[in-house]
Each structure stands twice: as structure tokens, then as C-alpha cells.
Amino acid sequence: MAVTTVSIEGAGTSATHWLKWAVLGLIALINLYAVTLMYIQGETVFALVFLILVATGLYVFAAERAYVHRYIFPGVATMFIFIVFPLAYTIWIAFTNFSASNILTFERARHYHLSQTYRIEGQNYDFSLYAAGPETYRLALTAKTGERFISEPVELRIPDAKAQPPAATAPIEIDLTAIDTPPDQPPLAVKELVRLRGVMQNVVAHLPDHSDLRMSGMRQFSATRPLFQVLPSAQGGDGSILVNQQTKERIAPDMRLGFYRQINAEGEFTGPGIAPGFSVFVGWKNFLRVLTDPGVQGPFLQIFGWTLTFSFLSVVFTLAIGTVLASLVQWEGLAGRGLYRLLLILPYAVPAFISILVFRGLFNQNFGEINLLLSQVFGIRPGWFNDPTLARTMLLIVNTWLGYPYMMILCMGLLKAIPADLYEASAMDGSNFIRDFFSITLPILMKPLTPLLIASFAFNFNNFVLVQLLTQGRPDIIGAQTPAGTTDLLVTYTYRIAFEGSGQDYGLASAIATLIFIMVGILALINIKLMRVDR
Amino acid sequence: MADVKIDHLVKNYNPGVARDVLRDINLDIKEGEFVVFVGPSGCGKSTLLRAIAGLDDITSGDLYIGGKRMNDVPPVNRGVGMVFQSYALYPHMTVRENLAFGLKIKKIDKAIAKERVAQASAMLGLDSFLERKPKALSGGQRQRVAIGRALVQHPDVFLLDEPLSNLDAALRVKTRIELARMHQERGSTTIYVTHDQVEAMTLANKIVVLSPLTDDGAASNLEQFGPPLDLYHAPANRFVAGFIGSPKMNFLDGMIEEAGEQRTRIKLDTGISLTASVDSSRGRAGDKVEVGIRPEHTVMLDDPRADNRVTGTVQVAEHLGAETFVYLEVGGKDFTVKVRPETPAAPQSQFDIGVPADACYLFDAKGQAFPRTARFSRT
Amino acid sequence: MAMVESQSVIYRKLAAHVFLWFFLALIIFPLLMVIAISFRTGNFAVGDIIPSNPTLDHWRLALGMSIIDESGRTIPPPFPVLLWLWNSVKVAVISAILIVALSTTCAYAFARLRFSGRSLLLKAMLIFQMFPAVLALVAYYALFSRITEYFPPLGLNTHPGLIFAYLGGIALHVWTIKGYFETIDKSLEESAMLDGASPWQAFRLILLPLSVPILAVVFILAFITAITEYPVASILLQDEAKLTLAVGSQYYLNPQEYKWGDFAAAAVMSGLPITLVFLLAQRWLVGGLTAGGVKG
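Residues numbered from 1 in each chain as written. Chains lettered and ligands numbered in written order. Predicted model: local features only at pLDDT ≥ 70, side-chain atom pairs only at ≥ 80, totals over all residues. Heavy atoms only, no water.

Before we go on, may I ask you to explain the overall build of chain B in this structure?
When its secondary structure is counted, chain B shows eight helices and 19 strands. With the principal axes as the frame, chain B shows a C-alpha extent of 75 × 50 × 35 Å. Across the 379 residues that make up chain B, the buried fraction comes to 52%. Counting only contacts in chain B whose residues sit at least 6 apart along the sequence, the fraction spanning at least 24 positions is 65%. Here chain B displays about 16,600 Å² of accessible surface, and carbon together with sulfur accounts for 50% of that area. Charge separation in chain B, taken as the distance between the mean sites of 47 positive and 48 negative side-chain charges, equals 7 Å. (Helix = DSSP H or I, 4+ residues; strand = E, 2+ residues; numbered from the N terminus. Buried < 20%, exposed > 50% of the residue type's maximum accessible area, 1.4 Å probe, protein only. Contact = heavy atoms within 4.5 Å. Areas by Shrake-Rupley, 256 points an atom, 1.4 Å probe, with all protein chains shown as cover. Lys, Arg positive; Asp, Glu negative; His and termini not counted. Charge placed at Lys NZ, Arg CZ, Asp CG, Glu CD.)

What follows is the structure, given as C-alpha cells:
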């Protein structure tokens, strides 16, 4: 179309023109500032992604020749941020040891160690606070020798505990000057001090002689000194080795483990990792764990097998019930077809998170209505959530309940397209209802259904909500190193490794997620091939 | 009102990769002319129209409307009104809103707009449908709304893209006559695209015949530009000769036996010799040629003008009452003749037909026509 | 055909009806059950399945009213269900509107305009839409922690952040709308452009009004997807007052504090409107569903 070459008429008035450039310029400046900020904080990846997005956006909306791209930029950009980038980032995490214990970047871990302090014995000061206005106080210190110091009024605001995100805990720096006599007003009562304890812990008091004091007890401030200092290059330091000022031990970052560790005189690592760790690139380690580490590999293979079984059986069951019901409901002679159709679609209309939870309640071993019925009729109370086989059966029952209406809807649409004369012709050949279904209906349905069945397989392969809300993967697999259950699918397994328990091994979770990406990607490619054949 | 001049126009949707759709088109359409672009499908006639309208951009060459270069002017500023093949009526608007849409977009004064809509509606007899949606109209009514929508814009050039192709045969003839009348009344420059040569012959002041481009390296796919009867009597080449006229011209292969300025003797591949009133002075004896004979230009053997005789085997005879067409096979080629009504012609029988020398067209091996020295007329 | 129904056809129909009613009884049982439970006294299944002395206590709690139990203690509603429902509706409506806007403009460009990378993007979208967000939750969390640092209103534990995250799932909708646009005659917009409309006007005044049916389908699909979405919301939202219904309602069935009856009332109350919306819209949705993929 010629649209591409035609300049937009009417938009050329100089006022709007200038306004547009002013707005674009402003956006560029603000974002450039944000990018710089991110880069300084060491968030190189995020800064880069942000920079690319903003730069493309500005180009698209500024350049006349990118006019067409203005239509797709917002959509494609959000897809990039929320699909492509998370995918790429997940794959990247799979090659790191990112986890609860190695959550910081190296710079932040180093900064953490360098900001650690220790108290120097013997230099203690009693402190008291004097009210100087609403939430404003003067800090007074008294040394054992009787020296007194006092600060200007400073604001000590109790952070709002509910604030989201939690208020920053930057140190509150207070300078003190020497005085001779205490102020002639009563100091705050202990009760008030208790109330202000949280804020006081962030206070760093600077005395005129440049020593730094921190709160060390309910009424006491003490001189502190940084626990670690960078080993000066004169003593062979390269900037990475830190020296513990109390014990004179040297520690250095072990870039393979992601921890600072104690080193000996030869520079070899001797001690265990010192928390907090930082995340480092570990290569294929996470993938090797999945494939070879028995504590991970065993559960992984078991869960993988169950995931395949579950997805396959779900598709088979829902398809079987769906096609049969669809043929029944499409049967012209059957009275009340509309009502049947409406009622049969009901499980699909109820939000899944509600129906799954309803089933969780109904299947409850002791309080559930299903066991109530079973015990009244057969006198049994199966432990649906404790026995692996029963739990898996329950998942399949619930998933079939949830999924058959979708198949039914699909088949109903496709059945309409089958010409009636096919059945009339086969009726002349003396065929019957059942033979028709298998020799005409099913073969004709299968071709257009195949890509949809693959999509359905992929959906059930990743049916997170069902498992998470119904069994949460339980009952657990005995002897697994990671949280793993007999009803876990690979997705819920990944989720539990990442977000459950104390381990929070994001690296391992991402490695498994990467493997799932590959499998789903293959399914997607097959599907695209099939759909093109179809057209 | 304006003239349209097209200068060395080339259109290629994907230059360097795809084949040209239009190549080296040169046209000079005078103010007030009714020009028809005609050609088989794929010849680029609609593309040429869309390029004039500004819906397709021009790969190279120039387009002038009213003397102004229009290559990069957006459609709305070209002073053209267009009727689309599908009519392109806005389904969600009433007929009135459809007619007024362009005026509203252009922010034309409401009173003027109203008057123009009323004018067009009266002219096209749409008054009683103004509040209906297009869905509630018949094919012919929709077509008139589409024309009306172009009319209210008061275009300098009126563009119609196969406007009759969606109508049934009877309505098509009626609308064709209406269009011709409308052009006579308004006299605006009109460009009309069709694949139907009958529409072209009946409507046009001038016809542009286009052919689909192949990989044979033709310099242009504009085959001929001229008044309808010129195209009929003096086609520039075999393509135009074959395209203009209904039923189609018959072609027989042969070679020049004796070239001449007034008359040429040709020996057909079937063995018989034929005299044609054609100036073949640029050719020589022995050159391969094709003879063209229009079905309606054949005569009975007893006719004094029957200078040549062609014999064929009857395939089918169609008796239409007013005339009879006999479909022959002559030397392995189809040969159609129009004869007096009720001429007997039994299938598989031999059938002799007379061909006047003045009725012959002659084309060289490249398909270019030799000049004819006489024009045959049946009466 | 005026034919006398043969005996076998009558038997076959009877069998079909019996089968369908039996099947329906099985299928509808859980839904009827949960309605019954919502009126039953107490939070445990004891004794009868049909409540013998129905109570509205669970419904009062679900509607945010306190109740007084036999011992005279005032029992406040365990969870702010109405607030959660409101949160869900708010997030779903806004994200559905934005999704429709984003995917419509995208689909217009893909259906009508030529630009570099068009077919590549289209294929990429088909592949990427098959990756569930739940696999990239770690990345989502990391992404939103960063956003929180620089721009808290769009970060973790905010509804705008969640809405923002849902905007990623437009690929399927772009395909659906694109398919619909392609059924609309292109010369309509060309005609509008000859009439003097800019591409944007042709899009807004001609194409959009004609696409209302498919936009409604996409809106409802996006709305239902958002309202039933669990994993991303469970990661991004933390405060009880900010949860969506999908995340919040599972707290009822905590083994330590099992509120089966309260859950039933809350589930019926909040599930009913969504179910009704779906049933009312299902006629139009069927086309959209078959064109797309699987309910997510």
C-alpha cells in the first residue's frame, strides 16, 4: 500500500511539531537518566534491555519512515518485555548459581562485607534523647570520662512497617559537638527509647575526633570500625582481597562458588563460603545436576514421565468424551439439544481456580463429601491426597472434568462442517451409528484437530494451576534433594524448586525451565508445520 | 476536469525480485475523454488505475493530472474519484452517510455538503434509499451509491475499476448505457477498467490495451492506445487483434509467397494460397506470417467478394436465429465463421467459406501487423 | 423427510437421553454440592449432604459481614472476598481493555501494512505464545523487583504492575483479530483514503466499527484469562488486601484452618458472575476459541 510513502497530512503545523519533539526529548532525557542509574548500580542487563526498548521506541515515534512500526511497537514491545526477555533471562539464570544463598551481585556482596562493622571494646558512651519537636530529637552522649556531646535536632521517623517496598534503611548520619552541661530538660523515658529502637539502630554518630559510634545496647553507643578492609597493594593486595580487622584473616572472592572464602598465605582457598554469596556463572553445572545428580535426576525423570503420561491421558480422555458428546448434541433428532449443550459447557464456564478448589474440598479424606458418600455406600475412605496412585487418578478425573467441554466445543464446530450427504451415502451402504462415528466422523475430525490437540497437550504439559491448587505436587517423593512430589508436573516442580522451602535454587529451576522451553518449542514448531499443511 | 499524462511509468511491487507489473507506459489522456483500460487478467490494468488514484505508488516514471506531477501527492489531493469493483460501501453507514463521508472528512461546509449529496442522490435516483444501509440495497443500487460517492467529491478525473462485473447481464447493459449518458452530460475525464472488450468498445472514446508481461523482455505491456474502431480495423499487433472483437479473430499460419505494397500472396501451411489487401513491402517471400480473419468478415462462396476459399471440417454449428456461427477445424486450428441464418452445416462435413482479400489481417513472426490497404465491410 | 421413525431410532434416542442425564448428574454434582455446602452449618462435612438446617452464616461472612456464633463470640469475615473480587475485576477489565487496544493496532499493521520483519514477527508470536508465563516466574520476579527499585507504582505488589505483566499475552489475540481484519474488504479503507482519510482515520472510522464483534470476543477472552490467572498474580502480589480472587481463595482450604463452608459461599458468590458472563458470551466465543488455542 502507498500508505508507507505518504506523509501524514495536517500533522505538520509547527506547534504540534514542536510539542512532539519536546515530549520525545523529555522522554529521552528521563529514560537516559534511568538507564545511567541502572548501569551505575551494576544492573547491566536491565540497563541494556531498557536502553534498547527506549531507543527503538523513540526512533519509531520520531522517524517518519517508521510510521508503520508505530502500530506494532507498543504490542511488540510488551511481548518483548514479558515473553522474550523473561525467556532469555531464565535461560541466562540457568547458567548461574542464582539462589537464595547467592542472590546478590558481586558488587553488592563486596559492599555488604565492607559495610560490616565491629565494636571496639572500652569506648562506650551512654546516650539519651531530648525531644525537640514532633519526631525531632537531639542526641546526647556521655563518655565514661564525663565528656559530653550533643547534636542539632534531627528527625527520627519510625518507618512505616507496612510500606511497600520496605523503607530504605540508609544510615542516619548525625554530627555531635562537645558541650559542658546537659540540656535543662528531661531526657526521653525508656519506654520512648524502646519505641525508637528501630530507627536508632540506623544512626551513625560522628564525634568531633572523627570516630564513628553506633548503638550497641539499650542505653549505649560504642565506637565501631569496619570489619573488613581492602588489602593495600603494598601488601600484595589486588583490590579483591579483604582483611578481617579483628582476626587479620584474609578473604577473597571465589568466583567459581560465588562466595568470599578465607585464603592462606599462598592465596589458596581454605575456609567455607562466607554468607552472603553472590551469583556467578557456573556453566552447565545446573544441567549436569539434572542429568546426573541422583538426588535431582531421579525425581526429575519420574516427574517427566508423569508429566508426559498426564498430558497424554488428559488429551485422550477429554477428546474421547468431547467427541462423543459433540456427536450426540449435534444429533438433529435429539430433543433438548440446546439445554444439554449449555449444561455440558458448564464446567468450562466456571473459573478453573474455583472448581479446582471445590474438588480439593470434595476429595478431602476426612471432611470431603466424596469420601462421605463412599463410606456410606461402600464403607471406604480412600486417601486421595496421600496415596500417589489415587492422587494421580484424582488429578486426571478433575482435569477431564475441566477439559472435556473445550474438546466438545471444538468438535461441534468441526462436525457442522461435515456434509450430511456423507452419512446419507453410508446409510445407503447399510452402515450404522457406531460404524459411522469411527469410519466417517473421527477420520474427518482428526485432521483439523491435530494442531489443536498438540496445543492442548502443550497446555496440559504446563498445567500449573491444576496441580498447584489441587495437590501442590504432594505426596512427596522420598529421598529427593529438592522439593519434589509424585503428582508434580515439570512446571510445578520448577516452581517449587524456585519458590518453596529454604533452598530457592533459581539456577536449577531455570535449567529445568530451559529444558521445558526446548520441548514446548519443538511442539510449537511441529504445530506451525501442521497448520500450514492444513491451509 | 483535467487531462492525465503518464510518462514512462513502471510499476514493480518488489523491484529487483519480482517481474514488472507495468513497463514503460506512456499515455496522454485528454480532458473529457472516456478512456478504457482493457486486457486479460494479470495485465496490470487495475494496478495502473490504482497508481493514478495514488493507492499504489509508482516505481519509476511520472504521472501528471491537470499538468501537475502527482507521484508523491496523497490520493485525496489528486482530484480523483473512484468506484471500486466491490463498491467498497461502508457497511456501518447509511447511504447518506456513505455519500457524505468524504465531505465530512475534508471538513467541507455542511450546507454545501448537503446540497452536493442531494444533487448526486437525485441524479442517480437514490432519494428513497438514503437512510438505508448498503446491506438492504440491490446490486444495482449499491453500484449507484458507489458512483454517487465518487460524484459528490466533484472529481477532475473519474476512475472506475470493473464497476459492472458484479451485476447480472441485463443490469450490466442498462448501467453501461447510463454510464455513457452520464459521461456525455458531465463530460468529465473518465478512466474505466474492464476485462470485457464489449464494454470497452461501447463506452470508450479511446481504448488502452494492456497485456500481461512475461519474461520475453518486451519493452512495454501497453499494446495499443487509440479509438475503438482503429483498434478493430488496424490493430497494431496480433495481441490486440486477438483481444478486440467478438467472437475472436481466427489465425492461420503461413508464409509470404509474394510480397507487395497493395496486395500480398500468402501460402498457408494447409497448402492453399490466399490473397490479402496488405502492404507487405517490409517483408520478403518466405517470411513466416500469420493471417488473421474475423469470423464476421467471411462470406459465402457464391459472393463476388469471395477472393479466397478456406475449407474446414465442421465441429459444431450454433444457430442463434439472427445469425449462425459455424466452428470449423482448418489445418488443426479452430476457425469460427459467421454465416447467414439457417445455413446447413452437419458435424464432420466439409465446409467451404469465402474470404475477401480486404478482410485479411497479416502479422509477422514477431506478431507486428502489416498495414492493411483496405477495410472490409460486410454490406 | 416425513418418515416414520423406526423402532431402533426411538430406542437409540432414549439411550442417548439416559446417557446424557447420567453424565450430567456426574458433571453437575460438584457444582450443586458446593451450593449446598454454602448453606450448611459449620465448616466440616458431617452427617447430611443436603443441609438439614440451612444457615446464611457463610454467605454473611462472604459478603463481609461479621456473625455471632453460639457462644456469643463475634466472628469477623476470614478474608476480604468482596475486595478480592473487586481487585480481580479491576485488573481484568483494565488489562482486557489495554490488550484489545494493543492487539488491535498490532493486528491492523499485520493485516494491512507492509513493513520489514512482518512474517518473522508473526511466526515468532505463534511460537512464543505457547510458552507459559509460569516457567519464567523467576525472571518475572527479578524483572519486577528491578522495576520496583526505579518506578514503584509499576512494581511488585501493585495492580498496575500485574496489569502490565498481563499485557505480554497478546500474541494469540493479534492473530485472531488479524484473521478477522483480513476478511474485511481492503478497498473500504482505500476508498476512505480517497475520501481524504488519513491511515489512522481509515482505521478508526472504517475498520474499527466493523470489527466490534471480534473485539468483543477478544475482550471477553482477555477478561476471563486475566480473572482466572493464578501463577503470575501469586508471585507479584503480596498484601492480603491486594490479592486477586484466584490467589486469595486458596487460603480458605489451608489444612490448619479449614474453612470449607466459608469457601463454598465465597466461591459461589464470586464464581457465579464470571460463569454467567461466560455462558452469555459463549455463542460468540466458540469461534474465537476454535481460531485460537487452549483456554489458559
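From this point on, the discussion continues.
For this particular structure, what's the right way to read the overall build of chain C?
Summing up its helical and strand segments, chain C has 13 helices and four strands in all. The C-alpha atoms of chain C give a radius of gyration of 25 Å, which is well past the 19 Å a tight globule of 296 residues would have. In terms of overall dimensions, chain C has C-alpha extents of about 80 × 75 × 35 Å along its principal axes. For chain C, buried positions account for 57% of its 296 residues. Contacts in chain C between residues at least 24 apart in sequence constitute 66% of all its contacts with a sequence separation of at least 6. For chain C, the exposed area adds up to about 12,600 Å²; of that, 69% sits on carbon and sulfur atoms. (Rg over C-alpha atoms; globule rule 2.2 N^0.38 Å.)

Quick question: what am I supposed to make of the side chain of K45(B) here?
Residues and elements named next belong to chain B. Tracing the backbone shows K45 in helix α1 (residues 45–53). Relative accessible area serves as the criterion here: at 6%, K45 is assigned to the buried category. A distance of 3.1 Å separates a polar atom in the side chain of K45 from the backbone oxygen of G39. (Polar contact = N/O pair within 3.5 Å; in protein donor to acceptor, adjacent residues only side chain to side chain.)

Please explain the sheet that holds strand β13 (residues 273–276) of chain B as it appears in this structure.
The pairing of strands in a sheet happens through backbone hydrogen bonds and is either parallel or antiparallel. Residues and elements named next belong to chain B. Sheet architecture is open: five strands sit in the order β13-β12-β11-β14-β19, paired in antiparallel fashion. At either end of the open sheet lies a strand with only one pairing partner, and these are β13 and β19 (360–364). Direction aside, the axes of adjacent strands within the sheet are offset by 45° on average. Sheet analysis places strand β11 (residues 250–258) next to strand β12 (residues 264–268), joined by four bridges and oriented antiparallel. Looking across to β12, one finds that E258 is bridged to R265. (Pairing = 2+ DSSP bridges. Axes fitted to C-alpha atoms, helices over the stretch in contact; angles between N-to-C directions.)

I keep staring at the sheet that holds strand β18 (residues 350–355) of chain B and nothing clicks. Help me out?
Residues and elements named next belong to chain B. Taking strand neighbours across the sheet as the criterion, the four strands line up as β17-β16-β15-β18 in an open arrangement whose pairing is antiparallel. Every interior strand has two partners, whereas the edge strands, β17 (333–339) and β18, have only one. Averaged over neighbouring strand pairs, the angle between their axes works out to 50° when direction is ignored. Pairing between strand β15 (residues 308–319) and strand β16 (residues 324–330): six bridges, direction antiparallel. Considered in β16, the bridge of V316 is made with Y327.

In this structure, what is going on with the packing of helix α8 (residues 294–329) of chain A against helix α14 (residues 433–461) of chain A? I would like to understand it.
The description of two packed helices rests on the angle between their axes and on the distance between the axes. Residue and element names in this part refer to chain A. Contact pair α8 / α14: the axes reach a minimum separation of 10 Å and the direction vectors enclose 140°. Relative to α14, the element α8 lies oblique. The interaxial crossing formed by α8 with α14 has right-handed handedness. Contacts from F304, T307, L308, F310, S311, F312, S314, V315, L319, T323, V324 and S327 of α8 reach α14 at F437, L442, L445, L449, L453, S456, F457, N460 and F461. (Parallel < 35°, antiparallel > 145°, perpendicular 65-115°, else oblique. Left-handed = near helix turned anticlockwise from the far one by under 90°.)

I'm lost on the packing of aromatic side chains in this one. Help?
The description of two aromatic rings rests on the distance between their centres and on the angle between their planes. For the coordinates displayed, the defined rule picks out 53 aromatic pairs over all chains. Between F79(C) and Y252(C), the ring centres sit 4.8 Å apart and the planes meet at 75°, which makes this aromatic pair edge-to-face. Of this pair, F79(C) sits in the loop between β2 (74–75) and α3 (81–112) while Y252(C) sits in the loop between α12 (245–248) and β3 (253–254), placing them 173 residues apart in sequence. Y252(C) shares its class with F79(C); the two are buried. Between the NZ or CZ atom of R149(B) and the centre of the ring of Y90(B), over which it lies, the distance is 4.6 Å. (Phe/Tyr/Trp six-rings, centres within 6.5 Å; stacked < 30°, edge-to-face > 60°. Lys NZ or Arg CZ within 6 Å of the ring centre and 35° of its normal.)

Explain unusual backbone geometry here, please?
Most peptide bonds take the trans configuration, and most residues that are not glycine carry a negative phi. At the junction of R474(A) and P475(A), the peptide bond is cis and its omega measures out at -5° in the coordinates. As for its position among the elements, P475(A) is in the loop between α15 (464–470) and α16 (490–499). Note that the residue after S246(B), namely P247(B), is joined by a cis bond; omega there is -5°. Relative to the helices and strands, P247(B) resides in the loop between α8 (238–243) and β11.

Explain a nonpolar patch on the surface here, please?
All names here are of chain A. The grouping of L19, V23 and I27 at the surface amounts to a nonpolar patch, some 260 Å² of accessible area in total. Structurally, the position occupied by V23 is in helix α1 (residues 14–40). Using a relative accessible area of 43% as the deciding quantity, one classes V23 as partly exposed. (Patch = residues over 30% accessible without salt bridge, like charges linked within 9 Å, V, L, I, M, F, W, Y side chains within 5 Å. Salt bridge = Lys/Arg side-chain N within 4 Å of Asp/Glu carboxyl O.)

How should I be thinking about the interface of chain C and chain A in this particular structure?
Quite often, the size of an interface is put as the accessible area lost when its parts meet. Contacts between chain C and chain A engage 105 residues on the former and 104 residues on the latter. Surface buried jointly by chain C and chain A totals about 9,500 Å² across both partners, of which 79% is contributed by carbon and sulfur atoms. On the chain C side of the contact with chain A, M130(C), L135(C) and Y150(C) bury the most area, a combined 8% of that side's loss. Viewed at the interface, chain A and chain C are joined by one salt bridge. (Buried area = accessible area lost by both parts, 1.4 Å probe.)

How should I be thinking about the environment of S279(A) in this particular structure?
Residues and elements named next belong to chain A. Checked against the element boundaries, S279 lands in the loop between β12 (259–263) and α7 (285–292). Spatially, the C-alpha atom of S279 lies 36 Å from that of T309, the residues being 30 residues apart in sequence. When neighbours within four sequence positions are excluded, S279 is seen to be in contact with N97, F98, N102 and L104.

In this structure, what is going on with the pattern of salt bridges? I would like to understand it.
Pairing of side chains with opposite charge becomes possible as their charged atoms draw close. Residues and elements named next belong to chain B. Counted by the stated rule, this structure contains 28 salt bridges over all chains. As a salt-bridge pair, E33 and K206 come within 3.2 Å of each other at their nearest N and O atoms. Of this pair, E33 sits in the loop between β2 (22–29) and β3 (34–38) while K206 sits in strand β9 (residues 206–210), and the two are 173 residues apart along the sequence. By relative accessible area, which is 11% here, E33 ends up buried. Here the residues in one salt-bridge network are R238, D253, E290 and K333, joined through shared partners.

I'm lost on the packing of α3(C) against helix α6 (residues 159–166) of chain C in this one. Help?
All names here are of chain C. For the pair α3 and α6, the least separation of the axes is 9 Å and the interaxial angle reads 40°. Here α3 is positioned oblique relative to α6, judged by the angle of their axes. The chirality of how α3 crosses α6 is right-handed. For the pair formed by α3 and α6, the contact residues are N87, K90, V91, I94, S95, L98 and I99 on the first element and H159, L162, I163 and Y166 on the second. For the contact of α3 with α6, the per-class residue count stands at seven nonpolar, three polar and one charged. (Nonpolar A, V, L, I, M, F, W, Y, C, P; charged D, E, K, R; others polar.)

Sorry if this is basic, but what is going on with α16(A) here?
For the α-helix, the turn length of 3.6 residues means that residues three or four positions removed from each other point alike. With respect to burial, α16(A) is a largely interior element, nine of its 10 residues being buried. Where α16(A) is concerned, the buried positions are L490(A), V491(A), T492(A), Y493(A), T494(A), Y495(A), R496(A), I497(A) and A498(A).

Teacher, can you tell me more about α14(A) here?
Compared with an ideal rise of 1.5 Å per residue, which puts 29 residues at 42 Å, α14(A) spans 34 Å between its outermost C-alpha atoms and falls more than 12% short. Helix geometry: α14(A) is bent most strongly at L449(A), by close to 55°, with proline P451(A) lying one to four residues after it. (Expected span 1.5 Å × (residues − 1). Bend = angle between axes of the 7 residues up to and from the residue.)

When you look at the confidence of the model for chain C in this model, what are you seeing that I'm missing?
Reading predicted coordinates in detail is not appropriate for stretches of low pLDDT. Residues and elements named next belong to chain C. Overall, the prediction assigns chain C a mean pLDDT of 83, with 90% of residues at 70 or greater. Contacts from residues 290–296, a stretch scored under 50 in pLDDT, to residues over four places away or in other chains number 17 contacts. For this predicted complex, the interface score ipTM comes out at 0.85, alongside a pTM of 0.79. (pLDDT = per-residue confidence, 0-100.)

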